[in-house]
Amino acid sequence: MEDEVRKRIAEMLDSGEVTAVIALKDVLGMTTPCVFKKGDDLSSLRLSPHYPLATLAMKMHKMDPEYKIAILCRGCDERALLEMAKRNQIDMDKLSIIGIACDEETAKDCNCSVPYPSCEDLIGEKLEELELGDAFEDYKRMSTAEKLEFWKKQFEKCNKCYGCRNICQMCFCKDCELENELWLKKGRLPPDFPVYHLIRAFHLAGKCVGCGECESACPAGIPLMTINRLLRDDMKELFDYVVGNTEEVNPLYTKEEF
Amino acid sequence: MSDEWEPKIVGFLCNWCCYAGADMAGTSRMHYPANIRVIRVMCSSRINAEMIIKAFQTGADAVFIGGCHPGDCHYVDGNYRTKKRIDLLKRLIEHIGIEPERLRLEWISAAEGEEFAKTMKELRDDIKKLGPSPLREIAREAI
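Would you take a moment to explain the overall build of chain B for this structure?
Of the regular secondary structure elements, chain B holds 5 helices and 4 strands. Helices and strands in chain B line up, N terminus first, as β-α-β-α-β-α-β-α-α. Whereas a compact globule of 143 residues would reach a radius of gyration of roughly 15 Å, chain B reaches 15 Å, a difference of no more than 12%. Its C-alpha atoms put chain B at 40 × 35 × 25 Å along the principal axes. For chain B, the proportion of its 143 residues judged to be buried stands at 53%. Across chain B, the fraction of contacts at a sequence separation of at least 24, relative to all contacts at a separation of at least 6, is 80%. One way to put it: in chain B the 21 positive side-chain charges average out to a point 4 Å from where the 21 negative ones average out.

Below, the structure is given as structure tokens:
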């Protein structure tokens with residue numbers, strides 16, 4: 001799979017279709033995001049672990065909107081790019097996608113129902129019918145009081161490092177409400193229950209692409225994706241909205257009745 | 001005065017309908033429980049999730065939001081936005097372990113003073129049955 005990607009990248013750079021390719025590479029045994037240009041050695045290219053590369057593409061696009069970039073793209077990365085495009089953060093016409101499909105293990109790890117991008121020349125096997133099961137079965141059986149107890153324990157571990165926000169592909173606001181002293185006093189640890197996490201969860205409703213980066217970035221190991229996924233299901237149930245579709249706007253931003 | 005526990009309710013009322021409705025209830029000398037602390041806002045869609053979450057965090061037993069009837073919004077479509085936002089927020093607070101009944105959205109017009117008084121009684125009774133907010137104990141001294 002890696003060789004196939006290398007071939008594709010080399011073709012794109014040599015033909016001049018794109019000037020740079022955003023991908024991952026191996027540096028001294030560690031994987032890091034990087035930008036490949038024409039003539040670069042592609043042998044150090046890596047495909048895993050997954051990393052939010054869409055943020056890099058957005059930042060590069062903002063620096064120079066005319067720059068032609070290609071990006072290594074998983075299902076979640078593509079959803080992130082589409083949501084960014086809807087919010088005028090990136091121009092999809094200036095972007096080429098090298099789509100790679102996730103394997104079964106990764107997809108199950110992320111509880112991802114669409115572990116592949118929608119592009120035609122996909123690299124890797126497309127997993128369309130994946131048995132995921134209900135990951136929240138135990139959680140949903142809890143009573144209201146038990147849920148509160150559960151989250152109280154989880155959120156108490158938070159040391160307000162903002163890691164979940166910083167790694168998030170969909171957190172691109174210039175002014176973040178989580179830094180507003182109106183809602184969250186500075187210097188208070190753990191942050192007031194449940195303000196920090198509820199504000200973040202609510203702001204990500206209809207935005208969260210389900211990449212799971214916040215959860216893996218959290219040093220305290222708070223199961224942040226649980227709440228994001230629950231809200232994702234609610235968005236589907238209440239407004240029939242699925243993150244990553246190309247046309248629909250997040251119903252929370254529109255005036256239409258439901 | 002009895003020592004019985006009384007819920008504290010934070011009310012966000014839209015200037016054009018619900019606030020005028022509450023005013024109507026007052027000028028018509030209707031009786032309704034004094035549990036609500038009213039905050040006047042220009043439109044119910046002015047209320048964002050942060051405000052409601054903060055109200056709960058600082059120890060409110062319930063949050064009431066009053067807006068104009070659908071189609072009657074002074075700003076044309078504000079209340080449709082409110083409806084969607086509150087529906088989702090109800091789900092979110094339920095996931096976290098706060099009863100969704102503690103967040104209530106009602107449409108009350110400027111002429112419905114009686115409706116306002118009735119809603120306040122209902123809300124007070126409902127919250128009394130539920131008991132104090134679970135966040136009250138853990139709410140640290142805020143502000």
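Moving on from the model shown.
Just to check I follow, could you spell out the side chain of Asn245 of chain A for this structure?
Residue and element names in this part refer to chain A. Here Asn245 shows up in the segment after α10 (224-239). A distance of 3.3 Å separates a polar side-chain atom of Asn245 from the backbone oxygen of Val242. Engagement of the side chain of Asn245 in a polar contact is seen with the side chain of Glu248, the distance being 3.2 Å. Ignoring sequence-local partners within four residues, the contact set of Asn245 consists of Glu83 and Lys86.

Hey, could you run me through the nonpolar core in this one?
One recurring pattern in soluble globular proteins is that nonpolar side chains are buried together. Counting residues in each nonpolar core, the largest one holds 102 residues, and the members touching the most others are Val5, Leu81 and Ile98 of chain A together with Ile52, Ile65 and Leu103 of chain B. Counting residues per element, this core draws most heavily on α10 of chain A, which supplies 7 residues. Inspection of this core shows a minimum of three residues originating in each of domain 1 (2-110) and domain 2 (137-243) of chain A. Sequence-distant contacts of Ile65 of chain B, defined by excluding residues within four places in its chain, comprise Phe12, Ser44, Ile47, Ile52, Thr82, Ile86, Leu103, Arg104, Leu105 and Glu106 of chain B. Core analysis: the second largest hydrophobic core is formed by 13 residues, Leu13, Ala22, Ala62 and Ile108 of chain B among them.

Whenever I open this one, the pairing of strand β1 (residues 9-14) of chain B confuses me. Can you help?
When a strand is regular, its side chains alternate between the sheet's two faces. Residue and element names in this part refer to chain B. With respect to burial, β1 is a largely interior element, 6 of its 6 residues being buried. By the alternation rule, side chains of β1 split into Ile9, Gly11 and Leu13 and Val10, Phe12 and Cys14, which are all buried. The β-α-β motif built from β1, the intervening helix α1 (residues 18-27) and the parallel element strand β2 (residues 36-41) has right-handed crossover chirality. In this structure, β1 lies alongside strand β3 (residues 62-67), joined through 5 bridges in parallel fashion. Note that in β3 the partner of Ile9 across the bridge is Ala62.

I'm lost on a nonpolar patch on the surface in this one. Help?
Taken together, the side chains of Trp16, Met42 and Tyr75 of chain B make up a nonpolar region of the molecular surface, amounting to roughly 290 Å² of accessible area. Given the relative accessible area of 35%, Trp16 of chain B is considered partly exposed.

Teacher, can you tell me more about the interface of chain A and chain B here?
Quite often, the size of an interface is put as the accessible area lost when its parts meet. Counting residues at the interface gives 40 residues for chain A and 31 residues for chain B. For the pair chain A and chain B, the two sides together bury roughly 3300 Å², of which 68% comes from carbon and sulfur. Among the residues chain A hides against chain B, the three largest losses belong to Trp183, Leu198 and Phe202 of chain A. Together they make up 20% of the total. Applying the counting rule to chain A against chain B returns 2 salt bridges.

When you look at the sheet that holds strand β4 (residues 103-107) of chain B in this model, what are you seeing that I'm missing?
Pairing between the strands of a sheet is mediated by backbone hydrogen bonds and can be parallel or antiparallel. All names here are of chain B. Ordered in space as β2-β1-β3-β4, the 4 strands form an open sheet in which the pairing is parallel. Strands at the two margins of the open sheet, each flanked by one partner only, are β2 and β4. Mean inter-strand twist for the sheet, computed between neighbouring axes without regard to direction, equals 20 degrees.

Quick question: what am I supposed to make of helix α1 (residues 2-15) of chain A here?
Think of an α-helix as 3.6 residues a turn; residues three or four steps apart then line up on the same face. Residue and element names in this part refer to chain A. Taking 1.5 Å as the rise per residue, α1 with 14 residues should run 20 Å; its terminal C-alpha atoms sit 20 Å apart, in good agreement. Buried within α1 are the following residues: Val5, Arg6, Arg8, Ile9, Met12 and Leu13. Taken end-on, α1 shows its buried residues confined to a sector of 165 degrees, consistent with a single buried face. Relative to its buried face, α1 has exposed residues pointing more than 90 degrees away, namely Asp3, Lys7, Asp14 and Ser15. Those residues of α1 that are buried lie in contact with β1 (20-27), β2 (30-36), β3 (45-46), β4 (69-73) and β5 (95-99).

Parameters and conventions
Residues numbered from 1 in each chain as written. Chains lettered and ligands numbered in written order. Predicted model: local features only at pLDDT ≥ 70, side-chain atom pairs only at ≥ 80, totals over all residues. Heavy atoms only, no water. Helix = DSSP H or I, 4+ residues; strand = E, 2+ residues; numbered from the N terminus. Rg over C-alpha atoms; globule rule 2.2 N^0.38 Å. Buried < 20%, exposed > 50% of the residue type's maximum accessible area, 1.4 Å probe, protein only. Contact = heavy atoms within 4.5 Å. Lys, Arg positive; Asp, Glu negative; His and termini not counted. Charge placed at Lys NZ, Arg CZ, Asp CG, Glu CD. Polar contact = N/O pair within 3.5 Å; in protein donor to acceptor, adjacent residues only side chain to side chain. Core = buried A, V, L, I, M, F, W, Y, C linked by side-chain atoms within 4.5 Å. Domains from an automatic or database assignment. Right-handed = clockwise from strand over helix to strand, strands pointing away. Pairing = 2+ DSSP bridges. Patch = residues over 30% accessible without salt bridge, like charges linked within 9 Å, V, L, I, M, F, W, Y side chains within 5 Å. Areas by Shrake-Rupley, 256 points an atom, 1.4 Å probe, with all protein chains shown as cover. Salt bridge = Lys/Arg side-chain N within 4 Å of Asp/Glu carboxyl O. Buried area = accessible area lost by both parts, 1.4 Å probe. Axes fitted to C-alpha atoms, helices over the stretch in contact; angles between N-to-C directions. Expected span 1.5 Å × (residues − 1). Arc of directions from axis to C-beta.

Everything listed here is a matter of geometry and, on its own, says nothing about what the molecule does.
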